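So the chains spell out like this:
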Amino acid sequence: MQLSYFYPTSPQLKNIVRFFIIWESEFQYYLPQQIIPSLETGFGFTLSGKLLVDYGNSLLETPTFGTRNITKLSRRVFISNNFYNFSVRLAPNGLSKFCKENIQNAYQNNFINIENLFPVSKINILVEKLRNAKNKQEQAYFLENFLVNNLLSDRNQIVDYSINRILLSKGNLRVSDLVKEIGISERQFLRIFSSNTGLGTKEFCKLVRVRNLLAILNNPTKSNLTTRMLDAGYFDQSHGSKEFKQALGFLPKEYQIKNQNNLSDFYNY
């Protein structure tokens, strides 16, 4: 499988779009690694072939043009032969910068059709441009223009601020403290946050801590596991081990010994 990356040039998409990614393969391929859960979301266009996600007992075919998210549990993916997919990866609340309908469903593990998020007429025009583009760079240009033209004017700054504060706190910021800073009720804040990210604050903070620990485990160090847990935002090793296993399917110690090659984070390069 070949992967190609492109980065937006428009200042309007700064801190919203992380990158564009093209997956392509002439042959049928079962990605040997599980894709790591991510805070980011996105959507993509499968211009040929099929993309399926392994849910244990069955393979779920994703929409030809739809969301591409893995936010809670690591998953394996399967692609058919003659596969070509063009996708965009967005910041944690990036999709809410472009549309407001069905956002909560779009951020979950269930993939939804992009026509539920944008007008069908606009999607049809974009797909035609992607299919007829001269090269990959031109495809990236068309998708970037589409995103710029669909940016909403009433983008929520409360969620941007909250996400930055949670990341700085390593996933250990109390909602009661955050709402005091912002100046709104806790109930109102929780509604706004989940509607823009698709995750509750507890789920979001948990994923921040898991990904912090994963990044630390990937860097060689002489520090012991307990110290690494503290650096990732956990108060004790038991708590960290439990959350890590829930998200990835095995303990941090197991990951260090033998499972690093079984995971892929290509969505987040």
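Note that the structure is predicted; figures quoted are calculated from it, not measured. (Residues numbered from 1 in each chain as written. Predicted model: local features only at pLDDT ≥ 70, side-chain atom pairs only at ≥ 80, totals over all residues. Heavy atoms only, no water.)

## Focus on the side chain of Thr 201
- For Thr 201, the position within the fold is in helix H7 (residues 201-217).
- Residue classification places Thr 201 among the buried residues on the basis of a relative accessible area of 9%.
- Setting aside anything within four residues of it in sequence, one finds Thr 201 in contact with Val 175, Phe 189, Leu 190 and Phe 193. (Helix = DSSP H or I, 4+ residues; strand = E, 2+ residues; numbered from the N terminus. Buried < 20%, exposed > 50% of the residue type's maximum accessible area, 1.4 Å probe, protein only. Contact = heavy atoms within 4.5 Å.)

## Quick look at the layout of surface pockets
- Within this model, the largest pocket holds a volume of roughly 310 Å³.
- Residue lining of the largest pocket: 16 residues in total, with Asn 15, Ala 91, Asn 93, Asp 160 and Asn 164 positioned closest to the centre.
- In this structure, the second largest pocket spans a volume of roughly 160 Å³.
- Every residue lining the second largest pocket is listed: Lys 122, Ile 125, Leu 126, Lys 129, Phe 142, Asn 145, Phe 146, Asn 149 and Asn 150.
- At the level of secondary structure, the elements contributing two or more residues to the lining of the second largest pocket comprise helix H2 (120-132) and helix H3 (136-149).
- Of the residues assigned to the lining of the second largest pocket, the class counts are four nonpolar, three polar and two charged. (1 Å grid on protein atoms, 1.4 Å probe; cavity = no way out; pocket = protein on both sides within 12 Å on 5 of 7 lines; lining within 4 Å. Points joined across faces, edges and corners; volume = space filled by probe spheres on them. Nonpolar A, V, L, I, M, F, W, Y, C, P; charged D, E, K, R; others polar.)

## Quick word on the nonpolar core
- By size, the foremost hydrophobic cluster in this structure holds 33 residues, and its most contacted members are Phe 20, Phe 43, Phe 45, Phe 118, Leu 143 and Leu 147.
- With six residues, the single largest contributor to this core is H3.
- With residues up to four places along the chain from it excluded, the contact list for Phe 20 reads Ser 4, Tyr 5, Phe 6, Pro 8, Phe 86, Ser 87, Val 88, Ala 140, Leu 143, Glu 144 and Leu 147.
- One finds Val 159, Val 179, Ile 184 and Ile 192 within the second-largest nonpolar core, a separate group that totals 17 residues. (Core = buried A, V, L, I, M, F, W, Y, C linked by side-chain atoms within 4.5 Å.)

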